Amino acid sequence: METKGYTQDGTVDLRGRPVLASKTGKWKACAFLVGYEAFERMAFYGIASNLVNYLTTQLHEDTVSSVRNVNNWSGSVWITPIIGAYIADTYLGRFWTFTVSSLIYVVGMILLTTTVSMKSLRPTCTDGICNKASTLQIVFFYTSLYTIAIGAGGTKPNISTFGADQFDDFNPQEKELKVSFFNWWMFSSFLGALVATLALVYIQENLGWGLGYGIPTVGLLFSLFVFYLGTPIYRHKVKKTKSPARDLIQVPITAFRNRKLQLPNHPCQLHEHEPQQYINSGKRQVHYTPIFRFLDKAAAKDGNSSKPPCTVTQVEGTKLVLGMLLIWLVTLIPSTIWAQINTLFVKQGTTMDRSLGSSFQIPAASLGSFVTSSMLLSVPMYDRYFVPFMRQKTGNPRGITLLQRLGIGFVIQIAAIAIAYAVEVRRMHVIRVHHIMGPKEIVPMSIFCLLPQYVLLGIADVFNAIGLLEFFYDQSPEDMQSLGTTFFTSGIGVGNFLNSFLVTVVDKITGGGNGKSWIGDNLNDSHLDYYYGFLLVISTLNLGAFLWASSKYVYKRETIEFNEGCIELESKALEISPLGLQV
């Protein structure tokens, strides 16, 4: 934009008017957003961290069913953002999609709080014998949960992306601030999760489930009020394409239609708009890359065809999505490992000595607070010390590349599951020594033996979760950044579904006939160590697949053209490091 003082990326206010860079966006706008993220994470983890215990102790489900239902719900929470992102990118925009979805989320929280508070909506127990939940009770409870999942579908992919929109990529100072945005955004997320795992799970088990769910519901309403106070200073991205996802269909179809055409000797002979057209539209031109060359035929010029070919920029956008899909596939196993925190790790903890002093019992789900604590400590260290140190060594503004960040996180995660396996082997040894057989017998082994695996998973997530969120936002085509962010959320969702599938299959195979199930109702007479060993093997194999996929990935290279010149982004896209990860 030529007018002095306005943002260069063409962002506007809620009424569609150009905005002044000095009075809008940046951290002063994000300050109104992070509160919502903290309270939403508090609500989500307040449910997810202890849901397996609620299902087994209040609805009286068996272990495998409760683990499966927790994973299915968590998976839905992380999968529905695909729909929310598509609606935002194609129809409503991020702000209005978030607005409608956040209201649905709050309705779900109110319903859930009502469900766990009313005795008529919970099964009753008489003389220690508990009735199974009625159909009405089950329907009401799961309707509440999945209403939250629907609301999350529109909030998760749009609130973080909307926050990133507050920084102008074409202002060097703001671009540098944006490097830290995702770190501190996740910091607020971790803070909400810490409150949930430390305070809410204790309140749920000792003061009442209704109070434990009611507190984050009130907090969520307050955070929405704060969010809308910041409306005058928010920046909104202008939608430059009617249907951003259309290219994902059009490019492969055109490439197939042109399959008999010969590709030119040089990429510059492929169809592309004149630079002036990008200047007029304010869109970014994406540079040619030599991967997925079968799609290049979509931009091949054919004088006999009445239909114009796709542009190189359109083709490269589709290549970006395919490349991200390749990386997405190798994040599914790490997401499956993450799913253990709110399921089997919690059930494992309930069998161990949870005493702290003479009378206080630590809720097993509270150990999840050490995941978030290690995250909260690691994020500032990563942002303030690790990044500047590595920036001096590599010259990369991020310190290390996004894929290198993911690779480090995956290695730490493998170490965490290896420790989980070793601890479980030790627990089984203690069980044999003390001849423990009953499902409610406490193993004389402190629950704090589980701390290392929780702490390491927290550190790994500073590399994994933040790295993935930034990677999929950064590498998405310009008009598909909400949809691109759903690669992050959907990977976690599919990982939860995959864990649900694995738990079910492993239980049926190992528990068939007279066999001893690896994941039975009685964890003191099961073989959870075998299951952790299985996860360790597939995680190691997946790391090899990640190294291969990352060696094939080519980072996005864009140019935004202005009348006074041009700015090129990601100019080091094709260099490759000795580890096979892009520089």
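How each quantity is defined
- Residues numbered from 1 in each chain as written.
- Predicted model: local features only at pLDDT ≥ 70, side-chain atom pairs only at ≥ 80, totals over all residues.
- Heavy atoms only, no water.
- Helix = DSSP H or I, 4+ residues; strand = E, 2+ residues; numbered from the N terminus.
- Rg over C-alpha atoms; globule rule 2.2 N^0.38 Å.
- Buried < 20%, exposed > 50% of the residue type's maximum accessible area, 1.4 Å probe, protein only.
- pLDDT = per-residue confidence, 0-100.
- Contact = heavy atoms within 4.5 Å.
- Domains from an automatic or database assignment.
- Patch = residues over 30% accessible without salt bridge, like charges linked within 9 Å, V, L, I, M, F, W, Y side chains within 5 Å.
- Areas by Shrake-Rupley, 256 points an atom, 1.4 Å probe, with all protein chains shown as cover.
- Salt bridge = Lys/Arg side-chain N within 4 Å of Asp/Glu carboxyl O.
- Pairing = 2+ DSSP bridges.

**Considering the overall build of the protein**
Secondary structure assignment for the protein yields 17 helices and nine strands. Over its C-alpha atoms the protein spans a radius of gyration of 25 Å, differing by no more than 12% from the 25 Å that the globule rule assigns to 583 residues. When its C-alpha atoms are laid out on the principal axes, the protein stretches across 80 × 50 × 50 Å. The buried share of the protein, reckoned over its 583 residues, is 58%.

**A few points about the confidence of the model for the protein**
Averaged over all residues, the pLDDT of the protein equals 84, while 91% of them reach at least 70. With pLDDT under 50 throughout, residues 560-583 is counted as low confidence; its partners more than four residues away or in other chains account for 78 contacts.

**Notes on the domain arrangement of the protein**
According to the domain assignment, the protein consists of domain 1 (8-241), domain 2 (244-317) and domain 3 (318-559). On a C-alpha basis, the centres of domain 1 and domain 2 stand 39 Å from each other.

**Regarding a nonpolar patch on the surface**
Taken together, Leu14, Ile82, Ile83, Tyr86, Ile87, Tyr91, Leu92 and Trp96 make up a surface patch of nonpolar side chains, about 770 Å² in accessible area. On the secondary structure map, isoleucine 83 appears in helix H4 (residues 81-117).

**Quick look at the pairing of strand S7 (residues 443-446)**
The alternating pattern of S7 places Val443 and Met445 on a buried face and Pro444 and Ser446 on a face that is not buried. In this structure, strand S4 (residues 352-353) lies alongside S7, joined through two bridges in parallel fashion. Each residue of the ladder has a partner; that of aspartate 353, found in S7, is serine 446.

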